[in-house]
Amino acid sequence: MYTIAYVDRTNVALAFDPHLSTAMKDLGMDDRVKGNAIGIFFWGYLLLQSPGGYFASRWSARKVVSLCLIAWGAAAVGCGLVATARQFAVMRFILGMAESGVYPATLVLLANWFPSRERARANGYWNLCQPLAVAGTAFVTGKLLQTWDNWRIALIAEGALPFLWLPVWWFCIRDHPDEVKWISPAERDHIEATLAKEAAQFEAVTKQPLWKTLAQPAVLVMIPICFLMNACSYGCNTFLSEALRSPEHNFTRMQTSLLYAVPYLATAVVMVVVSRHSDRTRERRGHIAAVYALSGVCLIASVAAAKYSFWLSFFFLCFAIPGPFAGLAPFFAIFTETMPGRVAGAAMGLVNAVGNVGGWAGNAAFGALKQRTGATAVPFIVLGISILVSAALCAFLPRTKLGFEDDSTVA
């Protein structure tokens, strides 16, 4: 489901590369307008994050996501039907708003199914959709652009995918283990008992208003971490194909698309390793800081190496891209391990909402800096510095409070 959501954030990176399609020319865009028009998605994404998490917790994550699937499918198709840059920006804003409830709703859904000792892995495997969507979309979008030489066909065809997936989601997903028959009674009872025990650790604490929970220092430090991480992630995502230019190599559209996919395939491997190790060692903060720091250093190193060798620069990019994604699993596991379930969804929604505005900031800053400097070097260095700052802020993240009791009955 979320792979499809991420397709609509990725295909524009290739469809609006001036070397690969005529989209920017057709809509009258320059780099600054492109960065803002693509990035405005995240202002729409800001609006329904907390409500999405709230209604997923109090009503149904399955139903929240189902409604979002319909809305974002219509908006994604609309992105391929626009005639001006302003119309495209409006459709991107609506697309962001339509998708905004999906992420916190899915985090709530996973928290309803997986005990804390497995939650980073659950979050990590689910978030594999992000790099895999980028890698898969790079190939498919590249093929569509090469075959049809029409960016509108690529956006419309890929934008219609939510309508195909909606029946699968509706009939296969349930909010809680007690609603399904495909697991044994023993496993169902074990999951529910473990989750109830973990929830009791928080419910015993004196209740406080929701706004006080959202205003606590842990949440306030998570917001800039998420903001800077997303600025780096989405800035790289949108403009990565332009970093794959080399005077020594005249890559075709298909070759550029395949090169674009490689760092994201490496990302999938790193995500699995980090999430499993985080669960096994029962540690979150250090894992997040480590992958963010590695990303920042390698991003800056890729710029420096580009003066000497394209392939050396590309090597560093393959280690720079995974950081923001690999930190997602332990980062969002912290919420459900430090907060009561009744407010964790809203807190995740708030942090993800404000943090994802970093996606707009990364795109807008990259586009403006590239237009001012005429190259991608300075923008990539700025993004590298941003995620290094995010790594430093991880020192202020809270330690998890749950005990991660050993239990060999859970695979």
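Residues numbered from 1 in each chain as written. Predicted model: local features only at pLDDT ≥ 70, side-chain atom pairs only at ≥ 80, totals over all residues. Heavy atoms only, no water.

Caption draft 1: Quick peek at the overall build of the chain. Of the regular secondary structure elements, the chain holds 21 helices and 0 strands. Whereas a compact globule of 411 residues would reach a radius of gyration of roughly 22 Å, the chain reaches 21 Å, a difference of no more than 12%. Principal-axis analysis of the C-alpha atoms gives the chain an extent of 60 × 40 × 35 Å. In the form shown here, the chain has an accessible surface area of approximately 16600 Å², with 67% of it arising from carbon and sulfur atoms. Across the chain, 33 positive and 25 negative side-chain charges occur, with their mean positions spaced 5 Å apart. (Helix = DSSP H or I, 4+ residues; strand = E, 2+ residues; numbered from the N terminus. Rg over C-alpha atoms; globule rule 2.2 N^0.38 Å. Areas by Shrake-Rupley, 256 points an atom, 1.4 Å probe, with all protein chains shown as cover. Lys, Arg positive; Asp, Glu negative; His and termini not counted. Charge placed at Lys NZ, Arg CZ, Asp CG, Glu CD.)

Caption draft 2: Seen up close, the packing of helix H9 (residues 129-148) against helix H10 (residues 151-159). In the contact formed by H9 and H10, the axes pass within 8 Å of each other and the chain directions differ by 140°. Considering the angle they form, H9 stands oblique to H10. Relative to H10, H9 is oriented so that their crossing is right-handed. In contact with Thr137, Val140, Thr141, Leu144, Leu145 and Trp148 of H9, H10 contributes Trp151, Ile153, Ala154 and Glu158. Partitioned by chemical class, the residues of the contact of H9 with H10 number 7 nonpolar, 2 polar and 1 charged. (Axes fitted to C-alpha atoms, helices over the stretch in contact; angles between N-to-C directions. Parallel < 35°, antiparallel > 145°, perpendicular 65-115°, else oblique. Left-handed = near helix turned anticlockwise from the far one by under 90°. Contact = heavy atoms within 4.5 Å. Nonpolar A, V, L, I, M, F, W, Y, C, P; charged D, E, K, R; others polar.)

Caption draft 3: Representation of the pattern of salt bridges within the structure. Applying the stated criterion across every chain yields a total of 2 salt bridges. One salt bridge connects Lys370 with Asp31, and the closest N-O pair in it is separated by 3.0 Å. Taken together, the positions of Lys370 in helix H20 (residues 341-373) and Asp31 in helix H3 (residues 31-39) put the pair 339 residues apart, joining distant regions of the chain. Of the two residues examined, Lys370 and Asp31, each falls in the buried class. (Salt bridge = Lys/Arg side-chain N within 4 Å of Asp/Glu carboxyl O. Buried < 20%, exposed > 50% of the residue type's maximum accessible area, 1.4 Å probe, protein only.)

Caption draft 4: A look at the nonpolar core. Ranked by internal contacts, the top residues of the largest apolar core, which has 115 residues, are Tyr2, Phe16, Trp72, Phe88 and Phe331. Considering every element that reaches this core, the biggest residue donor is helix H14 (residues 217-243), with 13 residues. Apart from the residues within four sequence positions on either side, Trp72 is in contact with Met1, Ile4, Ala5, Asp8, Leu95, Ala98, Glu99, Val102 and Pro162. (Core = buried A, V, L, I, M, F, W, Y, C linked by side-chain atoms within 4.5 Å.)

Caption draft 5: Representation of the packing of aromatic side chains within the structure. As enumerated under the stated definition, the model contains 29 aromatic pairs in all. One aromatic cluster is present, built from ring pairs that chain together Tyr6, Phe41, Phe42, Tyr45, Tyr234, Tyr260, Tyr264 and Phe325. Directly above the ring of Trp170 sits Arg62, whose terminal nitrogen or CZ lies 3.7 Å from the centroid. (Phe/Tyr/Trp six-rings, centres within 6.5 Å; stacked < 30°, edge-to-face > 60°. Lys NZ or Arg CZ within 6 Å of the ring centre and 35° of its normal.)

Caption draft 6: Structural context of the side chain of Ser386. Summarising the element assignment, Ser386 is placed in helix H21 (residues 377-393). Those residues within four positions of Ser386 in sequence are excluded, and the remaining contacts are Leu228 and Cys232.

Caption draft 7: Examining helix H8 (residues 116-127) more closely. For H8, which comprises 12 residues, the first-to-last C-alpha distance of 17 Å matches the rise-based estimate of 16 Å (1.5 Å per residue) to within 8%. A large share of H8 lies buried, amounting to 9 of its 12 residues. All buried positions along H8 are accounted for by Ser116, Glu118, Arg119, Ala120, Ala122, Asn123, Gly124, Trp126 and Asn127. (Expected span 1.5 Å × (residues − 1).)

Caption draft 8: Inspection of a nonpolar patch on the surface at higher detail. Residues Tyr54, Phe55, Trp59 and Leu67 make up a contiguous nonpolar surface patch of about 440 Å² in total accessible area. Checked against the element boundaries, Leu67 lands in helix H5 (residues 49-79). Judged by its relative accessible area of 53%, Leu67 falls in the exposed class. (Patch = residues over 30% accessible without salt bridge, like charges linked within 9 Å, V, L, I, M, F, W, Y side chains within 5 Å.)

Caption draft 9: Focus on the confidence of the model for the chain. On average, residues of the chain score 86 in pLDDT, and 93% of them are at 70 or above. Throughout residues 402-411 the model reports pLDDT below 50, and contacts reaching past four residues in sequence, or to other chains, amount to 22 contacts. (pLDDT = per-residue confidence, 0-100.)

Caption draft 10: Focus on H21. Spanning 17 residues, H21 covers 25 Å between terminal C-alpha atoms, matching the ideal 24 Å at 1.5 Å per step. Turning to H21, its buried residues number three or more, namely Pro379, Phe380, Leu383, Gly384, Ser386, Ile387, Ser390 and Ala391. Looking straight down H21, one finds that the buried residues subtend no more than 160° of arc, so they occupy a single side. (Arc of directions from axis to C-beta.)

Caption draft 11: Quick peek at the environment of Val108. Secondary-structure assignment places Val108 in helix H7 (residues 102-111). What makes Val108 buried here is its relative accessible area of 6%. Separated by 25 residues in sequence, Val108 and Ala83 place their C-alpha atoms 38 Å apart.

Caption draft 12: Region of the structure containing the side chain of Ser100. When you line up the elements, Ser100 lands in the loop between helix H6 (85-99) and H7. When its relative accessible area of 0% is taken as the criterion, Ser100 is described as buried. In terms of polar contacts, Ser100 uses its side chain to reach the backbone amide nitrogen of Leu48, at 3.3 Å. Among residues more than four places away in sequence, those in contact with Ser100 are Gly44, Tyr45, Leu48 and Gln49. (Polar contact = N/O pair within 3.5 Å; in protein donor to acceptor, adjacent residues only side chain to side chain.)

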